[in-house]
Amino acid sequence: MTTALGSSRVWAAIGHGILNELYWPSAGEPQVRDMGFIIAGPAGWYELKRIGRYRLSLPSPVVPLPRIVHEGDGYRLELDLTLDPLRDVVLVAFRLAGPDVKLYTLLAPHLGGSGLHNNARIADGLVAWKDTVALHLAADCGFSRASAGYVGYSDGWQDFAKHARMDWGFTQAMDGNVALMGELAARTGVLALGFAETPEGARTLARSSLAEGFDAVQRSCASRWQAWAGEIDIPEAPEQLRHQACLSAMVLKAHEGRTYPGALIASLSIPWGNTSDSTGGYHLVWTRDAVEAAFALLAIGCVQDARRMLEYLIATQRADGCWSQNSYPDGRPFWTGVQLDEVGFPVLLAARLAEDGAMGALIGWTDMIARAIGYVVRNGPGSPQDRWEESAGISPFTLGIEIAALVCAADHLPAEESAYALSLADYWNERLDEWTYVENGPFSEAFGIDGYYVRIAAPFCQGGLRGRIDIANQAGGSAPAAALVGMECLYLARLGLRDASDPRILNTAKVIDGLLGVRTPHGTAYRRYNGDGYGEHENGAPFDGTGIGRLWPLLTGERAHLDLMQGIDPLPYLEMMTQMTGASGLIPEQVWDAEPIPERGLEPGKPTGSAMPLVWAHAEFLKLLIARQRGRPIELLSSVERRYRAQRPTASTWHWRQAQPFDALPAGRALLIENLEPFQLHYGFDGWHDAADRPSEIRAFSTHSVRFGDADVAGHSILDFTFYLPRSQRWIGTEFHVRLGGADTHVSRP
């Protein structure tokens, strides 16, 4: 993948030795499916992306200006790519060698993110347009011949497939899925692909770039990347790791928008894109992925980059305090789900910047924190979706982010809200193990342990640890919550909520290593959870809504962080992550975990057809490398560390809610009965004796509650209560009972 730093708004992804996706005017808007080449000569014709015999190199890991060399029977083609920092143009310098061979370029417009209703024409170059998007492909040497056709019927590939040569010369193809082909008039030259709102504008930009000259444009592009790279601070490490770190830093920077600075997309790729016409793919902003990248950039000294991402998140926060599941770079939601970790992550980023004294003159961040924490308070601890965007319930990962966000936000909230946030954080942190750690579960005996953290517990109303979890990528599949294990709990140590040597963490690590870890020829990687269906099918066919979950290199980094916090050098994990990359060093979302399938390009421990690069994975690599140097994770904030010392707290107040009820209150705790709207509490003791009514009081974050302290319940064993809701003028119709016990009072698990 490549882009320029400057006013240019073009991004290019490279796969199979060609340009396989181009984006304009933001990294979230794909306009070209691919731009490839055919070489024809006496020995026959070859479409280079199908041959796959090429080498790719960069002048430096921080300068994404690739050289691609294709070699085959009777030909050698060198391609040098650069983007024009001043114009929306990508330049391709080509040099073809071989007896009597000719070069043809193939261009497949998907303007507006779709192959539908595109128009193509031959007019002083190869031209395509739809609505307010246009492109123009020009060559300094010109085209000897050119043709515009319909994909699958009259396109250039069909021409060669039927005639073994270029035979067609159609001048236009209108309102359809179109493709363009041109025969280059020389074997050495430069192609310029320009984008604009009109065909005329695209032509002007392309021709202007050609006039400046490839070498000058390439030097300008390279110098900007080198200047940015001068700001980054990569720690001392083996050369292979330093190279990967520089490349990873470049990958993160390349995924940031210019029209919308700070908008960092998840990947310049579409997983299994050759089987999908999705307008989404991964070229969208996920708040979680963006903050993970911001933490990594901050760790290597790119403070302004991280601050810009926070500015973007402040701008795209919804009025209710949360962020959409993902969005286009301009802030429009794509999927509209809610994941509470994505509400907590921006708070952690703001707290990190503030703790480091790196907030600068940025304004509005305390208001952002207040709105985000208000949303967490009103909607937690359960989340409508977990971090894998599949299941509702209580995930150790998501809940850990919520708790850490509540704690670090307290330093930046007014007194009442601060005290409430800390009280709720303490309560959720104390209950976290009861909600997400299963004792004597299905894997306990096999691994010789008393229990383990689950991937996610069902919502309280659906049984919690005793409930079932739907498995999103297996049609109709579900499993007991206790039978699903992921790596979510490892973040509890990373955030400072539990010690890395906590027996419950260690127990779960045994299950993780035995159940999810797979050793490949290139290192050990991990599945997201047992039973995952997000990946290729058994025969290697692309994921199509169902499949088999494969291995994620980023989870190798998560597992390594646990070792780091136990005092073990994570160097072997870093080395493994560098081995599971693609040909150019990009870290994929997933690697293959079964026998090789050469015809599908699947090799154990190497990239599958999933997203590549995955920004989150490159961020994880960088954070692990920096954590190795510092001896602590970058996500570990001092405010959280001071409050919990990696130990489970004893909360002074327990927060009872209808969505998260409990049936017993340990001695010495205050009880706060809460609701999101005003209520009248009708209550009594020990079988409704001494019945009375108390109106709720409005408290922090617009919550309503009635508080019982020790003196209010002294001498009683059970609190009986129900609600009357004045706004709707109705009783809720259910009685509740909380045992008021001693230190050994047992609280029933949901």
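The present account deals with the structure reproduced in this document.

Quick notes on the rules
Residues numbered from 1 in each chain as written. Predicted model: local features only at pLDDT ≥ 70, side-chain atom pairs only at ≥ 80, totals over all residues. Heavy atoms only, no water. Helix = DSSP H or I, 4+ residues; strand = E, 2+ residues; numbered from the N terminus. Rg over C-alpha atoms; globule rule 2.2 N^0.38 Å. Buried < 20%, exposed > 50% of the residue type's maximum accessible area, 1.4 Å probe, protein only. Contact = heavy atoms within 4.5 Å. Areas by Shrake-Rupley, 256 points an atom, 1.4 Å probe, with all protein chains shown as cover. Expected span 1.5 Å × (residues − 1). Pairing = 2+ DSSP bridges. Axes fitted to C-alpha atoms, helices over the stretch in contact; angles between N-to-C directions. Phe/Tyr/Trp six-rings, centres within 6.5 Å; stacked < 30°, edge-to-face > 60°. Lys NZ or Arg CZ within 6 Å of the ring centre and 35° of its normal. Core = buried A, V, L, I, M, F, W, Y, C linked by side-chain atoms within 4.5 Å. Polar contact = N/O pair within 3.5 Å; in protein donor to acceptor, adjacent residues only side chain to side chain.

### Description of the overall build of the protein
Tallying secondary structure elements over the protein gives 19 helices and 33 strands in all. Taking 750 residues into account, the globule formula puts the C-alpha radius of gyration at 27 Å, and the protein, at 29 Å, falls close to it. C-alpha extents for the protein along the principal axes are approximately 100 × 50 × 50 Å. Here the protein, with 750 residues, has 62% of them falling under the buried criterion. Put simply, of all contacts in the protein between residues at least 6 apart along the chain, 68% involve residues at least 24 apart. Surface accessibility of the protein: about 26,600 Å² in total, with carbon and sulfur atoms responsible for 49%.

### Some words on helix 9 (residues 365-379)
Taking 1.5 Å of rise per residue, the 15 residues of helix 9 would be expected to cover 21 Å, and the 21 Å separating its terminal C-alpha atoms lies within 8% of that figure. Of the positions making up helix 9, those classed as buried are Trp365, Met368, Ile369, Ala372, Ile373, Gly374, Tyr375, Val376 and Val377.

### Some points on the sheet that holds strand 30 (residues 704-708)
Taking strand neighbours across the sheet as the criterion, the four strands line up as 24-26-30-29 in an open arrangement whose pairing is mixed. Whereas interior strands pair on both sides, the edge strands pair on one side only; in this sheet they are strand 24 (653-656) and strand 29 (697-698). As paired strands, strand 29 and strand 30 are joined by two bridges and run antiparallel to one another. Among the inter-strand pairings, Glu697 is bridged to a residue of strand 30, identified as Ser705. The strands that helix 11 (residues 415-436) touches are strand 24 and strand 26 (670-675); relative to strand 24, the one it contacts most, it runs at about 85 degrees.

### Here we look at the packing of aromatic side chains
Within this structure, the stated rule accounts for 36 aromatic pairs. Their ring planes at 65 degrees and their centres at 5.6 Å tell us that Tyr282 and Trp286 sit as a pair that is edge-to-face. On the basis of relative accessibility, which here comes to 13%, the residue Tyr282 falls in the buried class. With a relative accessible area of 4%, Trp286 lands in the buried category. Taken together, Tyr282, Trp286, Tyr328, Phe334 and Trp335 form an aromatic cluster joined through their ring pairs. The aromatic ring of Tyr437 is capped on one face by Arg504, whose charged end is 4.4 Å from the ring centroid.

### Quick word on the nonpolar core
As a rule of thumb, nonpolar side chains are buried together in soluble globular proteins. Residues Leu310, Leu348, Ile373, Ile673 and Phe721 are the most contacted members of the largest nonpolar core, which totals 236 residues. Those residues in contact with Phe721 that sit more than four places away from it in its chain are Trp656, Ile673, Leu681, His682, Tyr683, Trp688, Thr734, Glu735, Phe736 and Val738.

### Concerning helix 2 (residues 156-163)
Owing to its 3.6 residues per turn, the α-helix brings residues three or four apart onto one side. All of the buried residues along helix 2 are Gly156, Gln158, Asp159 and Phe160. Check the buried side of helix 2 and you find it contacts strand 4 (30-41), strand 5 (44-47), strand 10 (102-109) and strand 16 (178-184). Sitting at the head of helix 2, Asp155 places a side-chain oxygen 2.9 Å from the backbone nitrogen of Trp157. Directly after helix 2, the chain includes Ala164, whose backbone phi takes a positive value near 60 degrees.

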